[in-house]
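If you want the building blocks of each chain, they are given just below.
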Amino acid sequence: MKYLFLLLLSISYIFANAHIFVYHRFADDRYQSANTTIKELTKQFEYFKQNNYEVVSLSKILDKLENKETIPDKWVALTIDDAYKSFYDNGLEIFKQYNYPFSLFVYVEATEKKYGDFMTWEEINEASKYGEIGLHSYSHDRLQNFSKQELIADTQHAYDIFVKNTNIKPLTYAYPYGEYNEDVKETLKNNFPFRSILNQNTGSINSKTDIYDIPRIALVGEVNINHKLRYKTFDAKWIEPNFFPKDGILRNIKVSVDPKYKSLKLYITGEKWQDVKVKDGIIDLDLDIYLKNARTRILIGPDVFTISNNIINKTKN
Ligand SMILES: [Zn+2]
């Protein structure tokens, strides 16, 4: 009986994961690397519908996290970054048809200065009848290049213009390019009344997820949505690296994990997946790898779908 209970408990733990996806452009084939066609979007929405996924608002997931409640199985939330006009012109209609809520993250400078490809404030206000809206910075710069003062100034500027034009106080923030580090996260968390901050790391949401570090899975082009829904966040605490190494050479990876693991899989951008040993809950690797990419993902987990991300980005200075 006891074992049955433990078995059921572990099964519910494994499956109690929500997924948050992020889209950019819709039916805009000028930009293949950011586009989702209407055919593809409809295919994904049909998949959710036919497989009993419940598409909920981001707020609903945040409520669960704040109340430390278990996130129901099969919850999905949909987000859209940048507020491109193609969402308003092409994507929104499909969201309305399926009655699926969304969170739209506004690149404030682009809307304010009426850059051609972006929604106007009127369109954002119209869209907000069907979904939630949040901030995606003022300048859409890489935040890790800002000083603390510059980051606060950029965010305050975005915040004020957003409130003036929508009458809504933004409660959520999504990092431009999904790029951040601990300093960026702490500055936004401590200086603004955001309820939640979202990144763009592949993973899932469960009751242990940090509400200021919410993973989102990017959906671009044709995807196998069933595969994307298999991703789960692996519980790990990263000790090293914290920042992109100044000389570009990655020398140490140190991660604390559940001591029950004796071996895990590790991936570093530009390298192959490899097996690494865990000793008493610690992975401690001495390396000498020159990082060719300004954005390097380091993943660790028991399998390629159950992962913890550490993404380090090169800074300008
Ligand atoms: Zn963006």
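Residues numbered from 1 in each chain as written. Predicted model: local features only at pLDDT ≥ 70, side-chain atom pairs only at ≥ 80, totals over all residues. Heavy atoms only, no water.

### So, the pairing of strand β14 (residues 263–268)
Each regular strand shows side chains that alternate between the opposite faces of the sheet. Across the two faces of β14 the burial differs, with L264, L266 and I268 buried and S263, K265 and Y267 not buried at all. Note: β14 against strand β15 (residues 274–277), four bridges, orientation antiparallel. Paired with K265 across the two strands is D275, which belongs to β15. Where β14 folds back on β15, the antiparallel hairpin that results is connected by five residues, among which G270 adopts a positive phi of roughly 90 degrees. Pairing of β14 with strand β17 (residues 295–303) involves four bridges; the strand directions are antiparallel. Each bridged residue has a counterpart across the sheet, and for K265 the counterpart in β17 is G301. (Buried < 20%, exposed > 50% of the residue type's maximum accessible area, 1.4 Å probe, protein only. Helix = DSSP H or I, 4+ residues; strand = E, 2+ residues; numbered from the N terminus. Pairing = 2+ DSSP bridges.)

### Considerations on the confidence of the model for the protein
As a general rule, the predicted coordinates of low-pLDDT regions are not to be interpreted in detail. Model confidence for the protein is summarised by a mean pLDDT of 94, while 95% of its residues fall at 70 or above. Note that residues 9–15 has pLDDT below 50 and, in this model, three contacts with residues that lie over four places away or in other chains. (pLDDT = per-residue confidence, 0-100. Contact = heavy atoms within 4.5 Å.)

### A look at the pattern of salt bridges
Pairing of side chains with opposite charge becomes possible as their charged atoms draw close. Enumeration according to the criterion identifies 20 salt bridges in this entry. Between D28 and R25 there is a salt bridge; the shortest N-O distance is 3.5 Å. Across the pair, R25 and D28 agree in class, each one buried. Taking the shortest distance from any N to any O, the salt bridge between D117 and R25 comes out at 2.8 Å. Within this pair, whereas D117 is found in the loop between α5 (108–112) and α6 (121–127), its partner R25 is found in strand β2 (residues 25–26), the two being separated by 92 residues in sequence. Sharing partners across several salt bridges, the network here consists of R25, D28, R30 and D117. (Salt bridge = Lys/Arg side-chain N within 4 Å of Asp/Glu carboxyl O.)

### Examining the sheet that holds strand β12 (residues 236–240)
Within a sheet, neighbouring strands are paired by backbone hydrogen bonds and run either parallel or antiparallel to one another. An order of β12-β13-β16 is seen for the three strands of this open sheet, with the pairing classed as antiparallel. Two strands in the sheet have a free side with no partner beyond their single neighbour: β12 and β16 (282–290). Neighbour-to-neighbour, the strand axes of this sheet turn through a mean angle of 25 degrees, independent of strand direction. Here strand β13 (residues 249–257) pairs with β16 via seven bridges, running antiparallel. Directly across from N252, in β16, lies its bridge partner D286. (Axes fitted to C-alpha atoms, helices over the stretch in contact; angles between N-to-C directions.)

### Considering the nonpolar core
Counting residues in each nonpolar core, the largest one holds 69 residues, and the members touching the most others are F45, F48, I61, L78, F87, F95 and L104. Excluding residues that lie within four positions of it along the chain, F48 makes contacts with F21, Y53, V55, V76, L78, Y100, I225 and L229. In this structure, F244, V255, I268 and V278 belong to the second largest nonpolar core, which totals 19 residues. (Core = buried A, V, L, I, M, F, W, Y, C linked by side-chain atoms within 4.5 Å.)

### Looking at the packing of helix α7 (residues 148–166) against helix α8 (residues 182–191)
For the pair α7 and α8, the least separation of the axes is 10 Å and the interaxial angle reads 50 degrees. Here α7 is positioned oblique relative to α8, judged by the angle of their axes. In this structure, the crossing between α7 and α8 has a hand that is right-handed. On the side of α7, the interface is formed by K148, L151, I152 and T155, while α8 contributes V184, T187, L188 and N191. Considering only residue class, the contact of α7 with α8 consists of four nonpolar, three polar and one charged. (Parallel < 35°, antiparallel > 145°, perpendicular 65-115°, else oblique. Left-handed = near helix turned anticlockwise from the far one by under 90°. Nonpolar A, V, L, I, M, F, W, Y, C, P; charged D, E, K, R; others polar.)

### Re the layout of surface pockets
The gaps left among the atoms become clear once a water-sized probe is rolled over them. Space inside the largest pocket adds up to approximately 1200 Å³. Lining the largest pocket are 47 residues, with Y180, E182, D213, N309 and N310 positioned closest to its centre. Breaking the lining of the largest pocket down by element, the ones donating at least two residues are α7, α8, β12 and β18 (306–313). Broken down by element, the residue count for the lining of the largest pocket peaks at seven residues, all from β18. Across the lining of the largest pocket, the residue classes tally to 17 nonpolar, 19 polar and eleven charged. (1 Å grid on protein atoms, 1.4 Å probe; cavity = no way out; pocket = protein on both sides within 12 Å on 5 of 7 lines; lining within 4 Å. Points joined across faces, edges and corners; volume = space filled by probe spheres on them.)

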